[in-house]
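Notes for the structure review
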Amino acid sequence: MNVYYIMCYITVICNFTLGFSLIFILDILKNNNLMFHYLLLYLLTCLIVICLHKIAEIKEFNNKYPSTIKTNK
């Protein structure tokens, strides 16, 4: 298993934890500014997950097919 996949799964778990905990806290506080900050944080963690997953796919492909790696000769 690739390190980037593990990091991606950890980020997903953190994202779900943030989602469930903060959505209930912000619903109780009824503060619109906090909801905007939470949305930005949520989108940032989603972007991190997508980037880590893409990096992991590239690394797995390069490990499986090493002849496709470009080298300067």
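Residues numbered from 1 in each chain as written. Predicted model: local features only at pLDDT ≥ 70, side-chain atom pairs only at ≥ 80, totals over all residues. Heavy atoms only, no water.

1. Examining the overall build of the protein chain
Definition in use: Numbered from the N terminus, helices here are DSSP runs of H or I no shorter than four residues, and strands are runs of E no shorter than two. Between buried and exposed lies partly exposed: a residue is buried under 20% and exposed over 50% of the maximum accessible area for its type, with that area taken using a 1.4 Å probe on protein chains only. Contacts between residues were defined by any pair of non-hydrogen atoms, one from each residue, lying within 4.5 Å. In short, Shrake-Rupley with a 1.4 Å probe defines the accessible areas, and a residue's cover is counted only from the protein chains shown.
Within the protein chain, the regular secondary structure consists of two helices and zero strands. In the protein chain, which comprises 73 residues, the share counted as buried stands at 16%. The long-range fraction of contacts in the protein chain, counting pairs at least 24 apart against all pairs at least 6 apart in sequence, stands at 63%. Carbon and sulfur atoms make up 71% of the accessible area of the protein chain, which amounts to about 6,100 Å² in all.

2. Observations concerning the environment of Ile 23
For Ile 23, the position within the fold is in helix α1 (residues 3-29). Separated by 15 residues in the primary sequence, Ile 23 and Tyr 38 place their C-alpha atoms 8.3 Å from one another. In contact with Ile 23, not counting residues within four places along its chain, are Leu 18, Met 35 and Tyr 38.

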